[in-house]
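For reference, the chains in residue letters:
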Amino acid sequence: MESKLHDLFSTAFKDSEPGGSILIKKGERVIYEQHFGIANLDTNEKVTESTLFNTGSISKTFVSNGILILQERQQLSVENKITEFFDDFDSPHIIDDIRIKHLLSHSSGLPDLRRVNEKFEYFLTAKDAGNFEPLKRVHKLHFEPGEKFEYSNPAYNGLALIIEKLTNDKWQKFIVSNIFEPAGMKNSKITDGSYPEKGVAHGYEFKNGKYIESDYGEVPTFAAAGNGGVWSTTKDLATYEKALQEHTFLSKALIQESRTIYKPKNWNDTNDPKLGYGWFISPKNDSKFNIDMIYHTGSQGGFNAFYYYFPSKDLLYVGLFNRPLGKSRAKVNAAFDLFEEFNWFD
């Protein structure tokens, strides 16, 4: 298996270009871990096991777990209405039925009113509050809370702000103290604006035949953190999953609830829901390989990321990249076929 994985990925990334990190872990054993390419084209610094990548929307799982930690401490409930935390919506009666659980599961009905293209310069540096503020001008929901799924980045900026309101501190500090540190995620950081201070990859897009930097300073909304501010390594993400399995920072019951599909009683969509609280869930009957999967992906600027966990097999497959995957995505996906070939899905 290790040899076949090496053959699969070694030709996917060039040493002289932006690259990434891939880790595959089965049970307690790391089956495959490799790091490819350049972290910073200006300095020619190579990607190593300690290079930090922006994880994009995988960050949302940390915010979700932060909310659930506060619920476990009885400081809030996912049943709380968001009006209990935000009293400055223009039309509070419009959002009166929206609860924390709706923000967690992308089912609030709140439209994204940020108008990023019109206010490009503002959103280059706008943080969580600046990204959530436009939603307070809402006068009509896209649907009633709980009826449908509509992915929302600013919803998670709002959840981050709820953590701050209850802890009287930066939500980033809360996550570091209550998740990173007990889990043993020693390298991971959460930004509050620009990059972490050192050891980071820069994100790149490929345009007109060359790689162009695309991250903080070039990409609007990149400075907001609740939706995508966690920077990590594949090794730290494996440590994160182990902490989840061992219920290190949150009870078994709440972890299971977060990783169980939440279907509101008033669900009114042709498609079934596929989310818990912060996690996407793919049940057996939706899988090509007839196996359940818990996952999240991330894409922000030039960064791309994936986090796939197969609970029935205790199999974790994570990847962090500072470039578009392009044709390499086929090789990333081909790893699933190898898992099946070696009977890991049986």
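Further up the page is the structure itself.
A few points on the structure. (Residues numbered from 1 in each chain as written. Predicted model: local features only at pLDDT ≥ 70, side-chain atom pairs only at ≥ 80, totals over all residues. Heavy atoms only, no water.)

## Some remarks on the overall build of the chain
Defined as follows: Going along the chain from the N terminus, every DSSP run of H or I of four or more residues is numbered as a helix, and every run of E of two or more is numbered as a strand. Using C-alpha atoms as the atom set, the radius of gyration is obtained and then compared with a globule rule of 2.2 Å times the number of residues to the power 0.38. When accessible area is computed with a 1.4 Å probe and restricted to protein chains, residues below 20% of their type maximum are described as buried, those above 50% as exposed, and intermediate ones as partly exposed. When checking whether two residues touch, look at their non-hydrogen atoms; a contact exists if any pair is within 4.5 Å. Values of accessible area rely on a 1.4 Å probe in the Shrake-Rupley scheme; residue burial ignores everything except the protein chains shown. Asp and Glu count as negative and Lys and Arg as positive, but His and the ends of the chain are not part of the count. For charged residues, the charge sits on one atom: NZ in Lys, CZ in Arg, CG in Asp, CD in Glu.
Check the secondary structure of the chain and you find 10 helices and 13 strands. Over its C-alpha trace the chain gives a radius of gyration of 20 Å, about what one expects of a compact globule, namely 20 Å for 346 residues. Counting only C-alpha atoms, the chain reaches 60 × 45 × 40 Å along its principal axes. Relative to its 346 residues, the chain shows a buried fraction of 55%. Excluding contacts between residues fewer than 6 apart, the proportion of contacts in the chain whose partners are at least 24 apart in sequence is 66%. Accessible surface for the chain amounts to roughly 15,200 Å². Of this, 45% is attributable to carbon and sulfur atoms. Treating the 41 positive side-chain charges of the chain as one cloud and the 47 negative ones as another, the clouds have centres 2 Å apart.

## What about empty space enclosed by the protein?
The line we're drawing: Cavities and pockets were defined on a 1 Å grid built over protein atoms only: a cavity is a set of grid points that admits a 1.4 Å probe from which the probe cannot escape, a pocket is an open set flanked by protein on both sides within 12 Å along at least five of seven lines, and lining residues are those with an atom within 4 Å of any such point. Grid points are joined across faces, edges and corners, and a volume is the space filled by probe spheres set on the points. Gly is put with the polar residues, along with every residue not named as nonpolar or charged; the nonpolar set is Ala, Val, Leu, Ile, Met, Phe, Trp, Tyr, Cys and Pro, and the charged set is Asp, Glu, Lys and Arg.
Scanning the entire structure with this criterion turns up one cavity of 30 Å³ or more. Taken as a whole, the largest cavity holds about 50 Å³ of empty space. Taken together, Ser105, Ser107, Phe149, Tyr262, Pro264, Trp267, Pro273, Lys274 and Leu275 make up the lining of the largest cavity. In terms of residue class, the lining of the largest cavity is made up of six nonpolar, two polar and one charged.

## A short note on the sheet that holds strand β13 (residues 315–321)
Put simply, the test is: One requirement defines pairing of two strands: DSSP has to find at least two bridges between them. Axis definition: a line fitted to C-alpha atoms, limited for helices to the stretch in contact. Angles are taken between N-to-C directions and run from 0 to 180 degrees.
Judged by pairing direction, the sheet is antiparallel, and its six strands sit side by side in the order β2-β1-β13-β12-β11-β10 without closing on themselves. Looking at strand neighbours, the two that pair on one side only are β2 (29–36) and β10 (280–282), the edges of this open sheet. Neighbour-to-neighbour, the strand axes of the sheet open up by a mean angle of 10 degrees, direction not taken into account. Running at roughly 145 degrees to β13, helix α8 (residues 234–245) makes contact with β1 (20–26), β2, β12 (303–310) and β13 of the sheet.

## Brief notes about the nonpolar core
Note the following rule: Definition of nonpolar core: a set of buried residues of the types Ala, Val, Leu, Ile, Met, Phe, Trp, Tyr and Cys, connected through side-chain atoms within 4.5 Å.
Of all hydrophobic cores here, the largest spans 71 residues; its most connected members are Phe62, Ile100, Leu110, Leu159, Tyr240 and Tyr307. No other element matches helix α6 (residues 153–167), which puts seven residues into this core. Within the second largest apolar cluster, 28 residues are counted, among which are Leu8, Ile31, Met293 and Phe345.

## Here's the deal with the pattern of salt bridges
This is how it is decided: By convention in these notes, a salt bridge is any Lys or Arg side-chain nitrogen within 4 Å of a carboxyl oxygen on Asp or Glu.
Counted according to the given criterion, the structure contains 19 salt bridges. In this structure, the salt-bridge partner of Lys235 is Glu33, at a minimum N-O distance of 3.2 Å. Separated by 202 residues along the polypeptide, Lys235 in helix α8 and Glu33 in strand β2 bring together distant segments of the chain. For Lys235, a relative accessible area of 35% corresponds to the partly exposed category.

## Re helix α2 (residues 59–72)
The condition is simple: Expected helix span is given by 1.5 Å per residue-to-residue step, counting one fewer step than there are residues.
For α2, with 14 residues, the first-to-last C-alpha span of 20 Å sits near the 20 Å given by 1.5 Å per residue. With respect to burial, α2 is a largely interior element, 13 of its 14 residues being buried. Positive phi shows up at Gln74, right after α2, with a value of about 60 degrees.

## Looking at the packing of α6 against helix α7 (residues 171–183)
Keep this limit in mind: Throughout this description, any angle smaller than 35 degrees is read as roughly parallel, any larger than 145 degrees as roughly antiparallel, any in the 65 to 115 degree range as roughly perpendicular, and the remainder as oblique.
For the pair α6 and α7, the least separation of the axes is 8 Å and the interaxial angle reads 80 degrees. As the angle between them shows, α6 and α7 are arranged roughly perpendicular. Contacts from Ala160, Ile163, Glu164 and Thr167 in α6 reach Trp171, Gln172 and Phe174 in α7. Counted by class, the contact of α6 with α7 contains four nonpolar, two polar and one charged residues.

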